[in-house]
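Residues per chain are reported as follows:
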Amino acid sequence: MRMKFLALAAVALLAACESTPNDAANGANTGAQQTSVRPGSSEDFVVNVGDRVFFGFDRYDLSPEARATLDRQAKWLGTYGSVTVTVEGHSDERGTREYNLALGERRANSVKNYLVAQGVSPSRVNVVSYGKERPAVVGSNEAAWSQNRRGVTVVN
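Residues numbered from 1 in each chain as written. Predicted model: local features only at pLDDT ≥ 70, side-chain atom pairs only at ≥ 80, totals over all residues. Heavy atoms only, no water.

As recorded by an unreviewed UniProt entry, the protein chain carries the name Peptidoglycan-associated lipoprotein and is attributed to Azospirillum picis. UniProt's Sequence similarities (unreviewed entry) comment on the protein chain is quoted here verbatim: "Belongs to the Pal lipoprotein family." Per UniProt, the protein chain carries the Function (unreviewed entry) text "Part of the Tol-Pal system, which plays a role in outer membrane invagination during cell division and is important for maintaining outer membrane integrity." (UniProt positions renumbered as here; feature names shortened; annotations may be inferred.)

Chemist: What is the right way to look at the side chain of Asn 100 in this model?
Modeler: Mapped onto the elements, Asn 100 comes out in helix H6 (residues 97-117). The class of Asn 100 is buried, set by a relative accessible area of 2%. Excluding its chain neighbours within four sequence positions, the residues that come into contact with Asn 100 are Ser 91, Asp 92, Glu 93, Arg 94, Gly 95, Ser 129, Gly 131 and Lys 132. (Helix = DSSP H or I, 4+ residues; strand = E, 2+ residues; numbered from the N terminus. Buried < 20%, exposed > 50% of the residue type's maximum accessible area, 1.4 Å probe, protein only. Contact = heavy atoms within 4.5 Å.)

Chemist: What should I look at first to understand the pairing of strand E3 (residues 125-131) in this one?
Modeler: Residues in a regular strand point their side chains to alternate faces of the sheet. With six bridges joining them, strand E2 (residues 85-90) and E3 adopt parallel strand pairing. Of the residues in E3, the one forming a bridge with His 90 is Gly 131. In terms of handedness, the path from E2 via H6 over to E3 forms a crossover that is right-handed. (Pairing = 2+ DSSP bridges. Right-handed = clockwise from strand over helix to strand, strands pointing away.)

Chemist: What's the story with unusual backbone geometry in this structure? I'm lost.
Modeler: The phi torsion of most residues other than glycine is negative, and most of the peptide bonds are trans. Phi is positive for Asp 58, which is not a glycine, with a value near 60 degrees. Following the sequence through the fold, Asp 58 ends up in the loop between strand E1 (52-54) and helix H5 (64-79).

Chemist: Looking at this structure, how should I read the packing of aromatic side chains?
Modeler: Geometry of an aromatic ring pair is reported as the spacing of the ring centres plus the angle between the planes. Counting across every chain of the model gives two aromatic pairs. Relative to Trp 76, the ring of Phe 45 has its centre 4.9 Å away and its plane inclined at 65 degrees; by these criteria the two rings are edge-to-face. Of this pair, Phe 45 sits in helix H4 (residues 42-49) while Trp 76 is found in helix H5, placing the two residues 31 residues apart along the sequence. One exposure class covers both Phe 45 and Trp 76, and it is buried. Consider the rings of Trp 76 and Tyr 80, whose centres lie 4.8 Å apart with planes at 50 degrees: the pair is tilted. For Trp 76, a relative accessible area of 7% corresponds to the buried category. When its relative accessible area of 25% is taken as the criterion, Tyr 80 is described as partly exposed. Among the aromatic residues, ring-to-ring pairing joins Phe 45, Trp 76 and Tyr 80 into one connected group. The ring of Trp 145 carries Arg 94 above its face, with NZ or CZ at 3.7 Å from the centroid. (Phe/Tyr/Trp six-rings, centres within 6.5 Å; stacked < 30°, edge-to-face > 60°. Lys NZ or Arg CZ within 6 Å of the ring centre and 35° of its normal.)

This is the structure we're talking about:
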């Protein structure tokens, strides 16, 4: 029970911290927090751009929401041309280990291919699949599974 509470608290915390680049332009996200994030850092990427996209069950195609996030990532990577990233592909717990590793690889490559199509050099983007081995949320229900079917772009 405690683990479910902690997982729920983590999801709520992440949802509360989500922002978009337009928030800062509209006067949101001002104050000490904004000045503590160094431009071009991995924290800047997570806080101001968004580091993850989500996928449907057994899918690796990009939703309109995922493409919007990846557009912001491509723009940020264009601004910080020396930064390299690794795209992690993840899946939920359903299916075999081998199947989910392959699905995670397809998800990571979907993200990479989209970033490359937006002008990011392929040499700056590595991919790795973790399949179901690194869940973001522990649980055996749709709420947990939907958070685990993801691609995460990590600044190296």
